[in-house]
Amino acid sequence: MYLNNRYRLKWHLIYALALIILLSSCGGGGGSGGSDTTASSDATLSELRLEESILEQTFQTDQLHYSASVAFNQDTITLIPVATSADARIRINDTQLASGSRSEIALIVGQNLINIEVTSADYSTKVTYTLSVTRSPASSDASLSELGMMNADLDQTFQPSQTSYSASVGFLQTRIELSPVTADRGATLLINDTAVSSGGASTTIPLSEGLNLITLVVVAEDGVTSQRYSIEIVRQDAATFAQQGFLKANDATSFNGFGTSVAISDDTLVVGAAWAADQAGAAYVFINDGGSWRQQAYLVASNADGSNHPSYMPSFIRPAGDTFGSSVAISGNTIVVGAPYEDSSANGGEDDNSATYAGAAYVFTRSDGTWSQQAYLKASNAEGANANDRNGDRFGSSVAVSGDTLIVGAPLEDSASLSEDNNTALNAGAVYVFTRSDGIWNQQAYLKANPLDDEAEYLQIISSNIEDHFGSSVAISGDTLIVGAPNEDSSVFGDENEISEPRSGAVYVFSRSNNLWTRQALLKASNSDSQDKFGTYVAISGNTLAVGAPGEASSAHGTESDNTHYHAGAVYIFTRNEEQWNQQARLKASNANTFDLFGSSLAISGDMLVVGAPGEDSAANSGETDDSAAEAGAAYLFTRSDGIWSQQTFLKASNAEADDQFGDAVALSNQTLVVTAPDEDSSTDEGEADNSALSSGAAYIWE
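Residues numbered from 1 in each chain as written. Predicted model: local features only at pLDDT ≥ 70, side-chain atom pairs only at ≥ 80, totals over all residues. Heavy atoms only, no water.

Draft legend 1. Examining the overall build of the protein more closely. Scanning the protein from terminus to terminus reveals three helices and 44 strands. Taking all 703 residues of the protein together, the buried fraction comes to 52%. By sequence separation, contacts in the protein at least 24 residues apart represent 58% of the contacts at least 6 residues apart. For the protein, the exposed surface amounts to about 30800 Å²; the carbon and sulfur share of it is 47%. (Helix = DSSP H or I, 4+ residues; strand = E, 2+ residues; numbered from the N terminus. Buried < 20%, exposed > 50% of the residue type's maximum accessible area, 1.4 Å probe, protein only. Contact = heavy atoms within 4.5 Å. Areas by Shrake-Rupley, 256 points an atom, 1.4 Å probe, with all protein chains shown as cover.)

Following this line, the structure appears as structure tokens:
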């Protein structure tokens with residue numbers, strides 16, 4: 001027993017000695033190959049960040065006390081503490097977290113004390129930082145600091161303490177946009193019982209004729225205090241809607257045709273006069289200056305070319321001049337003017353006259369009130385009249401512009417495919433897309449209605465495309481392009497290549513993606529019929545498209561199949577849902593009659609549509625049913641409410657007379673409506689009743 005204990009003790013001593021040697025070799029006590037593993041005694045923060053707020057003091061490692069403030073609607077705050085030593089331990093209000101991690105702390109109203117305890121890695125040091133966060137009590141401020149309106153002005157100067165206001169708008173203003181701002185950002189806002197955002201966001205409110213009451217209720221952050229504001233807006237009624245202006249060219253002479261075309265953008269109006277300057281053509285630019293319209297510029301082509309016809313030659317005789325101003329379009333400070341009878345070839349230069357009626361388009365831009373020509377555009381395959389085709393391409397017969405994208409129609413272009421030099425489909429028509437970069441315009445696309453892509457269908461497609469006049473009308477909105485082909489021949493139920501309904505007409509919708517244009521839809525009237533010429537004019541506003549069919553033959557109150565009023569005319573409304581277009585309405589004039597040509601011109605803006613009927617026969621003050629002034633012309637204003645379109649008013653020129661062709665062109669922008677009468681006969685200075693300047697033309701303004 002004794003020997004065993006001695007033996008056991010001996011081995012315990014050996015084990016203890018070995019352990020001492022092992023610990024000595026690993027301890028780093030100055031021997032070669034050793035490493036220092038001493039734990040850090042640093043218990044400081046190198047950074048303290050807050051989300052949703054900021055420290056009121058600049059953070060410093062040796063400063064221990066901080067403060068911050070938040071609004072009442074903020075009930076939490078997030079801290080991100082970063083320790084100077086990565087091994088230090090951090091506790092926030094007794095909850096441990098890793099350095100650099102987020103800690104979300106709930107807040108009560110008033111003062112919230114947050115402790116951030118840092119313990120060094122070796123446990124020798126402990127430092128406590130404090131953060132006092134003050135959460136504000138709920139505000140009782142239920143006032144507005146601003147009350148803005150677009151396209152209208154309050155009758156009173158806005159003051160937060162004044163709660164009742166009034167305003168008046170014209171008949172053309174069917175909606176109002178409000179931009180109210182609450183004085184306290186925590187307050188909530190309701191307009192006509194609908195919650196809206198304060199500040200930059202605006203809300204659109206429909207206006208009916210007469211009195212419209214709009215209520216704005218501000219509920220304070222405390223949920224108890226509230227303030228009610230009211231605005232009484234009176235919209236002019238249709239019965240008192242009247243012509244406000246009468247415009248003439250400053251050099252009005254016989255057969256100028258002032259009003260051949262018209263376009264408007266905000267407070268700038270451009271009127272084409274295709275027969276001016278001996279049929280070379282001109283365009284007149286007007287601006288709204290303090291409520292009255294004055295001429296700002298007179299535009300002519302850089303290569304203007306007129307004719308030598310006698311001065312008495314009426315406008316319906318085929319022109320020998322360029323007819324600059326046959327079409328116009330405007331977007332901001334850019335105006336496009338078409339000259340479909342201009343004679344230069346594609347590459348011959350402006351002074352080349354080797355391609356009769358090939359056509360051209362001209363771009364003008366405004367800088368500091370001065371307009372100058374920026375570009376002269378030709379079709380890449382421009383061709384003139386020849387032995388087989390006496391018409392030429394007529395590039396520039398229609399134009400449209402939106403920002404840096406420009407559209408030009410050539411309805412008598414002859415190709416049957418996307419091969420521009422193919423001339424096997426006489427007068428099929430084409431459309432050209434140009435885009436601007438750094439002031440330079442380049443052709444982006446060449447579009448056809450139904451380009452040949454299957455040789456097996458060659459003869460059928462050629463036959464169906466001939467004389468379609470694709471490009472007679474164009475319209476653009478963003479990346480959506482609308483093209484009218486009023487002589488297209490298919491029926492509403494047939495294949496697009498069949499020709500059972502001559503000149504029934506069609507409209508093509510193209511969309512752009514990654515600078516490539518593809519056909520999105522082919523539209524036909526619901527009662528498509530021969531000679532309706534659906535697509536003679538097109539207009540687009542957002543996802544709403546209007547199409548004129550001046551040859552449509554139904555009566556005012558008849559069914560779609562009624563054909564008792566030859567060329568009375570109709571307008572069709574289509575709306576888009578995603579990429580699908582559907583007919584929403586078919587509109588007729590309230591006094592539809594034979595040869596009124598309702599739908600020869602269109603303009604649409606939001607829920608408002610104006611339609612021209614240059615063949616309508618009533619005199620100035622005789623009412624809709626009078627037919628004593630043949631082709632005096634008329635225009636009709638329609639509005640949409642809950643998807644239903646209805647005629648609001650019947651417009652006549654204040655000096656309406658036979659053959660004036662009032663309604664030949666129309667334009668609509670914001671609160672201004674323009675209707676032209678290119679065959680109106682007064683001179684510049686003699687007043688509306690003067691008839692000394694035959695077909696000098698006029699434009700009429702409603703605001």
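Draft legend 2. A look at the nonpolar core. Counting 25 residues, the largest nonpolar core has I77, L79, I116 and L131 as its most contacted members. For this core, the elements supplying multiple residues, two or more each, are β1 (45-51), β2 (65-70), β3 (76-83), β4 (89-92), β7 (110-119) and β8 (126-135). The residues touching I77, leaving out its near neighbours within four places in the chain, are L50, E51, E52, S53, V70, S103, E104, I105, L107, I114 and V133. (Core = buried A, V, L, I, M, F, W, Y, C linked by side-chain atoms within 4.5 Å.)

Draft legend 3. Here's a closer look at the sheet that holds strand β33 (residues 516-523). The strand order β30-β31-β32-β33 describes an open sheet built from four strands, whose pairing is antiparallel. Whereas interior strands pair on both sides, the edge strands pair on one side only; in this sheet they are β30 (473-477) and β33. Mean inter-strand twist for the sheet, computed between neighbouring axes without regard to direction, equals 20 degrees. Here strand β31 (residues 480-485) pairs with strand β32 (residues 506-513) via six bridges, running antiparallel. (Pairing = 2+ DSSP bridges. Axes fitted to C-alpha atoms, helices over the stretch in contact; angles between N-to-C directions.)

Draft legend 4. Molecular detail of the side chain of E680. Structurally, E680 is set in the loop between β43 (672-677) and β44 (698-702). Side-chain polar atoms of E680 contact the side chain of K248, separated by 2.8 Å. Among all residues touching E680, those that are not within four sequence positions of it are F246, K248, N655, D660, E688, A693, S695, S696, G697, A698 and Y700. (Polar contact = N/O pair within 3.5 Å; in protein donor to acceptor, adjacent residues only side chain to side chain.)

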